[in-house]
Amino acid sequence: MRNAVIVGYKRSPFTFARKGEMANIRPEDILSQTINQLLNEIQINKNDIEDIITGCAYPEGAQGNNIAKIVSFMTDMPEHVAGMTVNRWCGSSMQAIHDATGAIAINSGDVFLCCGVESMTFIPMNGLTYDPHPQLNKDNPNVYMSMGITAENVAKKFNISRKEQQDFAISSHSKANLARESNMFDNEIVSIINNDEKINKDGGIRPNTSHEILDGLKLAFDENGTVTAGTASPLTDGASAVIVCEEEYAKKNNLNIIPDIGFTSSMSITPTYDESKFYSWRNRVVGNLSIYLSDDYLIRDDKEEKLNLNWAFDLRSAIGDDEQTYSISGTTATYKQDNDLKREISLSASMNYEKYIFENSKIGVAYYGLLSSQNTLSLGGNAFYKMNF
């Protein structure tokens, strides 16, 4: 089977919707500028590009009309380069990479541009014409449940207090600000030009936030709940682009291979985010591992079922054992690139002290992750993607 690899990636800054620096920039412009600057750095022959696959959760309005093909004209692609927009909600841009990986495996192309775009300024949450199916909404209203309510459900089920959420938010802003001030994102963020203005820094980072400030915020989704705007995901504008190509093509053209893509998998969960999500998804992923990997690649704890898997790009985790399952309270990722490629991935999970060890192998460098009482897991590698340390 032909292998897919990633040889380059860029993203725009992510800024607040409606009030951020990119609020008046159309999503097609944000995405096309991101693609152009990626291709300026990674010298890919445009004639070799098979398809532009773009993930978008609300492909309507300015993001409609198959935005993937629209940006092919705005980036001066050859006429033969196709465009396809895919929608898997928050996993849409990850699905673009999945689709390209499958196409490469069956010899349906050598080079793909995999993108994601969302302007929540131009297309608000729930889209321009929200219209749930009347009977389904009556029979199963959870299908249309907002992410804010699912956050409240998780907080209640696993007793995650407002203070714990605020602790995490304060820590997250502090780390993000440190990364920004240390120029850790400079290699991945492109400059978006808006008239005479150049936008090249993430917005939404609040380094001076505190419990005093967060305590003053109103509850956002449930008057008897715990989640506020300060502990919820912000509404943002932004875009990203990744070059996925066939491994031999990359080697022949002297392209720097970042990770190999081992395999892909998809799994649906309940809209309410109950704990069955973690059991069923964990079992599905472990099943895939048995297909693609031999037992020599993994060193497990005493119980074979007890396994931590960290996915790149959507950074989800399936953690559990036979006695208890654990919820994920949030994820963050920091990428640092020096002369030699280095990856540092930090994953937050609401569980106590456990260890997971992966052996140095084809699918990852040796590392172990430690889940501490501070609810943080630090990993020095990735189980699915080959990292070049």
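For the structure itself, consult the block above.
Residues numbered from 1 in each chain as written. Predicted model: local features only at pLDDT ≥ 70, side-chain atom pairs only at ≥ 80, totals over all residues. Heavy atoms only, no water.

S.K.: Which residues make up the overall build of the protein, and what values go with them?
M.R.: Per the secondary structure count, the protein includes nine helices and 16 strands. In the protein, buried positions account for 46% of the 389 residues. A separation of at least 24 residues holds for 72% of the contacts in the protein among residues at least 6 apart in sequence. (Helix = DSSP H or I, 4+ residues; strand = E, 2+ residues; numbered from the N terminus. Buried < 20%, exposed > 50% of the residue type's maximum accessible area, 1.4 Å probe, protein only. Contact = heavy atoms within 4.5 Å.)

S.K.: Lay out the environment of Thr 75 in plain terms, naming residues and giving numbers.
M.R.: Mapped onto the fold, Thr 75 is located in the loop between helix H2 (67-74) and strand E4 (82-86). In sequence terms Thr 75 and Ser 32 are 43 residues apart; their C-alpha atoms lie 5.9 Å from each other. In contact with Thr 75, other than residues within four places in its own chain, are Ser 32, Ile 35, Asn 36 and Lys 46. There is a polar contact of 3.4 Å between the side chain of Thr 75 and the backbone oxygen of Ser 72. (Polar contact = N/O pair within 3.5 Å; in protein donor to acceptor, adjacent residues only side chain to side chain.)

S.K.: Give a detailed account of the side chain of Ser 119, specifying residues and quantitative values.
M.R.: Here Ser 119 shows up in strand E5 (residues 111-119). Setting aside anything within four residues of it in sequence, one finds Ser 119 in contact with Pro 27, Gln 63, Thr 236 and Asp 237.

S.K.: Please give an account of the pairing of strand E3 (residues 49-55) that cites residues and values.
M.R.: Buried residues dominate E3, accounting for six of its seven residues. Direction of pairing for E3 relative to E5: parallel, over a ladder of six bridges. Paired with Asp 51 across the bridge in E5 is Phe 112. Examined bridge by bridge, E3 and E4 share five bridges and lie parallel to one another. (Pairing = 2+ DSSP bridges.)

S.K.: So what's going on with the nonpolar core? Residues and values would help.
M.R.: Ranked by internal contacts, the top residues of the largest apolar core, which has 34 residues, are Ile 35, Ile 44, Leu 113 and Ile 243. Residue assignment for this core shows that the elements contributing at least two residues are strand E1 (4-11), helix H1 (27-41), E3, H2, E5, strand E8 (236-246) and helix H8 (247-252). With five residues, H1 is the single largest residue contributor to this core. Once residues lying within four places of it in the same chain are set aside, the contact partners of Leu 113 are Ile 35, Leu 38, Leu 39, Ile 49, Asp 51, Ile 52, Ile 53, Met 77, Val 242 and Ile 243. In terms of nonpolar packing, the next biggest core, distinct from the first, is built from 15 residues, Ile 6, Ile 104, Ile 258 and Ile 261 among them. (Core = buried A, V, L, I, M, F, W, Y, C linked by side-chain atoms within 4.5 Å.)

S.K.: Can you explain the pattern of salt bridges? Please cite residues and give values.
M.R.: A full pass over the atoms with the stated rule returns eleven salt bridges. Ionic pairing is found between Glu 41 and Lys 10, a salt bridge with its closest N-O pair at 2.9 Å. Separated by 31 residues along the polypeptide, Glu 41 in helix H1 and Lys 10 in strand E1 bring together distant segments of the chain. Linking Glu 248 and Lys 251 is a salt bridge whose minimum nitrogen-to-oxygen distance equals 3.9 Å. One end of the pair is Glu 248 and the other is Lys 251, both in helix H8 and three residues apart, which spans about a single turn. We classify Glu 248 as partly exposed; its relative accessible area is 48%. Several salt bridges converge on common partners, so that one network encompasses Arg 11, Glu 188 and Asp 202. (Salt bridge = Lys/Arg side-chain N within 4 Å of Asp/Glu carboxyl O.)

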